Amino acid sequence: MLSLAWGATFIGVFLWSAIEPYDTFTWFLEVAPALIGAALVFATRKRFPLTPLLYSLILAHCIVLMIGGHYTYAEVPFFDGLFGAERNNYDKVGHFFQGFVPAILARELLIRLQVVSGPHWRTLFVLSVTLAFSAFYELIEWWVALLSGEDATAFLGTQGYEWDTQSDMGFALFGAICALLLLAKWHDKQLAKLR
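Everything quoted here is computed from the prediction, not taken from an experiment.

Definitions and cut-offs
- Numbers given to residues run from 1 along each chain, matching the order in which its sequence is written.
- Only residues with pLDDT of at least 70 are given local features in this predicted model, and only at 80 or more are side-chain atom pairs given and counted; all residues enter the totals for whole chains, interfaces and linings.
- Note: side-chain values were computed over all heavy atoms of the structure, leaving out hydrogens and water.
- Basic side-chain nitrogens of Lys or Arg form a salt bridge, by our definition, when they fall within 4 Å of a carboxyl oxygen of Asp or Glu.
- A run of DSSP states H or I qualifies as a helix once it reaches four residues; a run of E qualifies as a strand once it reaches two. Both are numbered from the N-terminal end.
- Working rule for contacts: check all heavy atoms of both residues, and any pair within 4.5 Å makes them a contact.
- Each residue is assigned to one of three classes by its accessible area relative to the maximum for its type, calculated with a 1.4 Å probe on protein chains only: buried under 20%, partly exposed between the two thresholds, exposed over 50%.
- Only four residue types enter the tally: Lys and Arg on the positive side, Asp and Glu on the negative side, with His and both chain ends excluded.

A. Spatial organisation of the pattern of salt bridges. Counting across every chain of the model gives four salt bridges. Salt-bridge contacts for Lys92 lead to Asp91; the nearest nitrogen and oxygen are separated by 3.4 Å. Lys92 is the partner of Asp168 in a salt bridge, and the nearest nitrogen-oxygen pair spans 2.4 Å. In this pair, Asp168 sits in helix α7 (residues 164-194) while Lys92 sits in helix α4 (residues 90-112), placing the two residues 76 residues apart along the sequence.

Quick look at the structure:
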(Lines give C-alpha, C1' and ligand atoms only; values in the text may rest on other atoms or scores of the structure.)
Protein backbone atom coordinates (compact mmCIF):
# COMPACT_ATOMS: atom_id res chain seq x y z
CA MET A 1 0.00 0.00 0.00
CA LEU A 2 1.25 3.46 -0.88
CA SER A 3 2.01 5.25 2.37
CA LEU A 4 2.05 8.83 3.57
CA ALA A 5 5.78 8.39 4.29
CA TRP A 6 6.34 7.50 0.61
CA GLY A 7 4.61 10.69 -0.50
CA ALA A 8 6.34 12.86 2.10
CA THR A 9 9.76 11.48 1.15
CA PHE A 10 9.11 12.01 -2.55
CA ILE A 11 7.90 15.58 -2.03
CA GLY A 12 10.77 16.42 0.35
CA VAL A 13 13.47 15.20 -2.04
CA PHE A 14 11.70 16.82 -4.99
CA LEU A 15 11.60 20.20 -3.25
CA TRP A 16 15.25 19.90 -2.23
CA SER A 17 16.23 19.04 -5.81
CA ALA A 18 14.32 22.06 -7.17
CA ILE A 19 16.19 24.55 -4.97
CA GLU A 20 18.97 26.10 -7.04
CA PRO A 21 19.75 23.12 -9.26
CA TYR A 22 23.05 23.19 -11.16
CA ASP A 23 21.18 23.63 -14.46
CA THR A 24 17.42 24.23 -14.53
CA PHE A 25 16.84 22.74 -17.98
CA THR A 26 18.73 19.57 -17.06
CA TRP A 27 16.93 19.40 -13.72
CA PHE A 28 13.59 19.41 -15.51
CA LEU A 29 14.69 16.72 -17.98
CA GLU A 30 16.05 14.45 -15.22
CA VAL A 31 13.16 14.92 -12.78
CA ALA A 32 10.37 14.54 -15.36
CA PRO A 33 10.49 10.70 -15.32
CA ALA A 34 10.23 10.75 -11.51
CA LEU A 35 7.18 13.01 -11.69
CA ILE A 36 5.57 10.80 -14.33
CA GLY A 37 6.32 7.68 -12.26
CA ALA A 38 4.91 9.23 -9.08
CA ALA A 39 1.76 10.34 -10.93
CA LEU A 40 1.24 6.80 -12.29
CA VAL A 41 1.85 5.24 -8.86
CA PHE A 42 -0.63 7.64 -7.27
CA ALA A 43 -3.25 7.17 -10.01
CA THR A 44 -3.16 3.37 -9.82
CA ARG A 45 -2.70 2.91 -6.06
CA LYS A 46 -6.31 1.79 -5.43
CA ARG A 47 -7.15 0.05 -8.68
CA PHE A 48 -3.85 -1.83 -9.01
CA PRO A 49 -1.80 -1.61 -5.79
CA LEU A 50 1.78 -2.75 -6.07
CA THR A 51 3.88 -4.74 -3.64
CA PRO A 52 5.63 -2.79 -0.86
CA LEU A 53 8.95 -3.89 -2.38
CA LEU A 54 8.09 -2.31 -5.72
CA TYR A 55 6.82 0.90 -4.13
CA SER A 56 10.10 1.18 -2.22
CA LEU A 57 12.17 0.56 -5.33
CA ILE A 58 10.22 3.14 -7.34
CA LEU A 59 10.82 5.71 -4.60
CA ALA A 60 14.54 4.88 -4.51
CA HIS A 61 14.73 5.28 -8.30
CA CYS A 62 12.92 8.61 -8.11
CA ILE A 63 15.42 9.80 -5.49
CA VAL A 64 18.33 8.77 -7.74
CA LEU A 65 16.76 10.76 -10.59
CA MET A 66 16.15 13.83 -8.43
CA ILE A 67 19.71 13.84 -7.05
CA GLY A 68 21.03 13.54 -10.60
CA GLY A 69 18.73 16.34 -11.68
CA HIS A 70 19.83 18.65 -8.88
CA TYR A 71 23.56 18.34 -9.53
CA THR A 72 23.53 16.95 -13.12
CA TYR A 73 24.92 13.45 -13.35
CA ALA A 74 28.44 14.69 -14.09
CA GLU A 75 28.62 16.83 -10.94
CA VAL A 76 27.15 14.69 -8.13
CA PRO A 77 29.46 14.93 -5.09
CA PHE A 78 31.50 11.88 -3.99
CA PHE A 79 31.37 10.22 -7.43
CA ASP A 80 34.34 11.99 -9.07
CA GLY A 81 37.24 9.63 -9.61
CA LEU A 82 35.50 6.83 -7.73
CA PHE A 83 37.53 3.60 -7.98
CA GLY A 84 40.14 5.42 -10.07
CA ALA A 85 37.69 6.46 -12.80
CA GLU A 86 38.43 9.60 -14.82
CA ARG A 87 34.77 10.67 -14.77
CA ASN A 88 31.89 11.11 -12.36
CA ASN A 89 30.12 7.74 -12.32
CA TYR A 90 26.81 8.73 -10.73
CA ASP A 91 25.39 8.28 -14.23
CA LYS A 92 26.15 4.57 -13.97
CA VAL A 93 24.26 4.39 -10.65
CA GLY A 94 21.28 5.90 -12.46
CA HIS A 95 21.47 3.40 -15.29
CA PHE A 96 21.90 0.50 -12.87
CA PHE A 97 18.64 1.61 -11.23
CA GLN A 98 17.13 1.99 -14.70
CA GLY A 99 17.48 -1.78 -14.99
CA PHE A 100 17.06 -2.83 -11.35
CA VAL A 101 13.68 -1.19 -10.73
CA PRO A 102 11.97 -1.79 -14.10
CA ALA A 103 12.95 -5.47 -13.85
CA ILE A 104 10.84 -5.88 -10.71
CA LEU A 105 8.07 -3.73 -12.20
CA ALA A 106 8.01 -5.86 -15.37
CA ARG A 107 8.17 -9.04 -13.29
CA GLU A 108 5.23 -7.94 -11.15
CA LEU A 109 3.11 -7.01 -14.15
CA LEU A 110 3.93 -10.22 -16.03
CA ILE A 111 3.04 -12.36 -13.02
CA ARG A 112 -0.07 -10.53 -11.89
CA LEU A 113 -1.51 -10.10 -15.37
CA GLN A 114 -0.54 -13.70 -16.20
CA VAL A 115 1.23 -12.68 -19.39
CA VAL A 116 3.96 -15.31 -19.14
CA SER A 117 3.60 -18.29 -16.83
CA GLY A 118 6.96 -20.08 -17.02
CA PRO A 119 9.77 -18.65 -14.90
CA HIS A 120 12.42 -19.04 -17.63
CA TRP A 121 10.33 -17.29 -20.28
CA ARG A 122 9.40 -14.65 -17.72
CA THR A 123 13.08 -13.96 -17.03
CA LEU A 124 13.72 -13.57 -20.76
CA PHE A 125 10.78 -11.18 -21.07
CA VAL A 126 11.85 -9.15 -18.03
CA LEU A 127 15.40 -8.75 -19.36
CA SER A 128 14.10 -7.91 -22.84
CA VAL A 129 11.67 -5.30 -21.53
CA THR A 130 14.39 -3.77 -19.36
CA LEU A 131 16.82 -3.53 -22.26
CA ALA A 132 14.11 -2.08 -24.51
CA PHE A 133 13.31 0.54 -21.87
CA SER A 134 17.01 1.41 -21.52
CA ALA A 135 17.47 1.69 -25.30
CA PHE A 136 14.34 3.86 -25.57
CA TYR A 137 15.72 6.19 -22.89
CA GLU A 138 18.97 6.49 -24.87
CA LEU A 139 16.88 7.45 -27.92
CA ILE A 140 15.08 10.09 -25.85
CA GLU A 141 18.47 11.52 -24.80
CA TRP A 142 19.51 11.64 -28.45
CA TRP A 143 16.26 13.36 -29.53
CA VAL A 144 16.56 15.94 -26.74
CA ALA A 145 20.15 16.62 -27.79
CA LEU A 146 19.09 17.11 -31.43
CA LEU A 147 16.22 19.41 -30.50
CA SER A 148 17.99 21.51 -27.88
CA GLY A 149 21.59 21.55 -29.12
CA GLU A 150 24.20 22.63 -26.59
CA ASP A 151 21.67 22.81 -23.76
CA ALA A 152 21.53 18.99 -23.66
CA THR A 153 25.22 18.42 -22.88
CA ALA A 154 24.59 18.09 -19.14
CA PHE A 155 21.53 15.90 -19.77
CA LEU A 156 23.49 13.48 -21.95
CA GLY A 157 26.19 13.16 -19.28
CA THR A 158 28.66 11.43 -21.63
CA GLN A 159 31.62 13.35 -20.17
CA GLY A 160 33.59 12.63 -23.33
CA TYR A 161 33.21 8.84 -23.04
CA GLU A 162 32.56 7.46 -26.54
CA TRP A 163 30.97 4.23 -25.26
CA ASP A 164 28.62 5.96 -22.83
CA THR A 165 25.41 4.81 -24.53
CA GLN A 166 26.47 1.17 -24.70
CA SER A 167 27.80 1.14 -21.13
CA ASP A 168 24.57 2.77 -19.93
CA MET A 169 22.57 -0.09 -21.44
CA GLY A 170 25.07 -2.58 -20.03
CA PHE A 171 24.58 -1.18 -16.52
CA ALA A 172 20.81 -1.37 -16.96
CA LEU A 173 21.10 -5.03 -17.97
CA PHE A 174 23.39 -5.69 -15.00
CA GLY A 175 20.86 -3.99 -12.71
CA ALA A 176 18.02 -6.13 -14.07
CA ILE A 177 20.01 -9.34 -13.58
CA CYS A 178 20.91 -8.32 -10.02
CA ALA A 179 17.28 -7.52 -9.22
CA LEU A 180 16.09 -10.89 -10.45
CA LEU A 181 18.81 -12.80 -8.61
CA LEU A 182 18.53 -10.88 -5.34
CA LEU A 183 14.83 -10.05 -5.04
CA ALA A 184 12.77 -12.74 -6.83
CA LYS A 185 12.01 -14.84 -3.73
CA TRP A 186 11.20 -11.82 -1.59
CA HIS A 187 9.05 -10.46 -4.42
CA ASP A 188 7.21 -13.80 -4.72
CA LYS A 189 6.32 -13.71 -1.01
CA GLN A 190 4.90 -10.21 -1.34
CA LEU A 191 2.98 -11.15 -4.46
CA ALA A 192 1.44 -14.10 -2.61
CA LYS A 193 0.24 -11.76 0.15
CA LEU A 194 -1.18 -9.34 -2.43
CA ARG A 195 -3.30 -12.09 -3.97
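Okay, back to it.
B. Seen up close, the side chain of Thr130. Inspection of the secondary structure puts Thr130 in helix α5 (residues 119-148). Filtering out sequence-adjacent residues up to four positions away, Thr130 remains in contact with Gln98, Gly99, Pro102, Ala103, Ala172 and Ala176.

C. How the structure looks around the side chain of Arg122. Tracing the chain through its elements places Arg122 in helix α5. An unpaired buried charge is present at Arg122: no salt bridge exists, and Asp188, the closest side chain of opposite charge, is 5.6 Å distant. Non-local contacts of Arg122, meaning those with residues more than four positions away in its chain, are made with Arg107, Leu110, Ile111, Val116 and Ser117.

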